[in-house]
Amino acid sequence: IGKALSFDGTGDYVRIPDNSAFNYSTNDFTIEGWGYRTAGGGFFLYAYNPGQSPYFVLFSYANGNIQMWDSGFKDSGVNPGNSQWFHLAYVRQSGTVKFFINGVQASNTYSVTTNYTNTAGIYIGVSQSSEYTNGKIDDVRIYNYARTAEQVMQDYNAGLSMRMGSQTAGEM
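Definitions and cut-offs
- Residues numbered from 1 in each chain as written.
- Predicted model: local features only at pLDDT ≥ 70, side-chain atom pairs only at ≥ 80, totals over all residues.
- Heavy atoms only, no water.
- Helix = DSSP H or I, 4+ residues; strand = E, 2+ residues; numbered from the N terminus.
- Rg over C-alpha atoms; globule rule 2.2 N^0.38 Å.
- Pairing = 2+ DSSP bridges.
- Axes fitted to C-alpha atoms, helices over the stretch in contact; angles between N-to-C directions.
- Buried < 20%, exposed > 50% of the residue type's maximum accessible area, 1.4 Å probe, protein only.
- Polar contact = N/O pair within 3.5 Å; in protein donor to acceptor, adjacent residues only side chain to side chain.
- Contact = heavy atoms within 4.5 Å.
- Phe/Tyr/Trp six-rings, centres within 6.5 Å; stacked < 30°, edge-to-face > 60°.
- Lys NZ or Arg CZ within 6 Å of the ring centre and 35° of its normal.

Caption draft 1: A look at the overall build of the protein. Check the secondary structure of the protein and you find one helix and twelve strands. For the protein, the N- to C-terminal ordering of α and β elements is β-β-β-β-β-β-β-β-β-β-β-β-α. Here the C-alpha atoms of the protein give a radius of gyration of 15 Å, agreeing with the 16 Å that 2.2 N^0.38 yields for 172 residues. Structurally, the protein occupies a C-alpha span of about 40 × 35 × 30 Å along its principal axes.

Caption draft 2: Summary view of the sheet that holds strand S4 (residues 43–48). Taken in spatial order, the six strands make up an open sheet running S2-S11-S4-S5-S6-S7, and their pairing is antiparallel. The open sheet has two edge strands with one neighbour each: strand S2 (14–16) and strand S7 (73–75). Pairwise comparison of adjacent strand axes, ignoring direction, gives a mean angle of 15° for this sheet. Taken together, the three bridges between strand S6 (residues 67–69) and S7 define a ladder with antiparallel strand orientation. Across the sheet, the residue bridging to Met-68 is Lys-74, located in S7.

Caption draft 3: Representation of the side chain of Asn-118 in the model. As for its position among the elements, Asn-118 is in the loop between strand S10 (104–111) and strand S11 (122–124). For Asn-118, a relative accessible area of 3% gives the class buried. A polar side-chain atom of Asn-118 sits 3.0 Å from the main-chain amide nitrogen of Ala-120. Sequence-distant contacts of Asn-118, defined by excluding residues within four places in its chain, comprise Asp-18, Phe-22, Asn-23, Tyr-48 and Asn-49.

Caption draft 4: Region of interest: the packing of aromatic side chains. Tallied over the full model, the rule gives 14 aromatic pairs. The interplanar angle of 40° and the centroid separation of 5.9 Å between the aromatic rings of Phe-29 and Tyr-90 together place this pair among those described as tilted. Here the residue Phe-29 occupies a position in strand S3 (residues 29–37), and Tyr-90 occupies one in strand S8 (residues 85–93), the gap between them amounting to 61 residues. Judged by its relative accessible area of 0%, Phe-29 is buried. By relative accessible area, Tyr-90 is classed as buried at 0%. With 6.5 Å between their ring centres and 85° between their planes, Phe-99 and Tyr-110 make a pair best called edge-to-face. A residue pair is termed long-range when its members are at least 10 positions apart, and Phe-99 in strand S9 (residues 96–101) and Tyr-110 in strand S10 qualify at eleven residues. Owing to a relative accessible area of 0%, Phe-99 belongs among the buried residues under this scheme. Here the aromatic cluster, defined as three or more aromatic residues joined through ring pairs, consists of Tyr-24, Phe-29, Tyr-90, Phe-99, Tyr-110 and Tyr-116. Note that Lys-136 overlies the ring of Tyr-36, its terminal NZ or CZ placed 5.4 Å from the centroid.

Take a look at the structure:
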């Protein structure tokens, strides 16, 4: 925390090469991270297996709600706002997807039972369609199990104290 990657919306991203550890299959998993969305910019936290099938993207368009794509849009119903840090967690447990924004579970949940087998790696800061993040991303974590609401809240609170302790959110 505190070493955020900055993205200017024009071609910056991080690629994690293909690895069997990211073959989620139909199992439970969790993706968490911190974001800071610049006004007018899109935010693409996580792209799984882009250009291949199946793939999914965890994102928000400019000034919009947090969403994911998996054979269709799944909207969290929550807009984290611009020019401020927010914590995002995506949890798939027993075929049900839950979004958590700033430690709180969004009311929208979805059934997603896709068998995810990764062949193209993972991308942070870019979408399947080469849309780039305009903002910052920090502390992305991937778990091979479904984190509980309590665990997500603990991660949010731990990160929040780091962000608000010695620096203001805009400085990070």
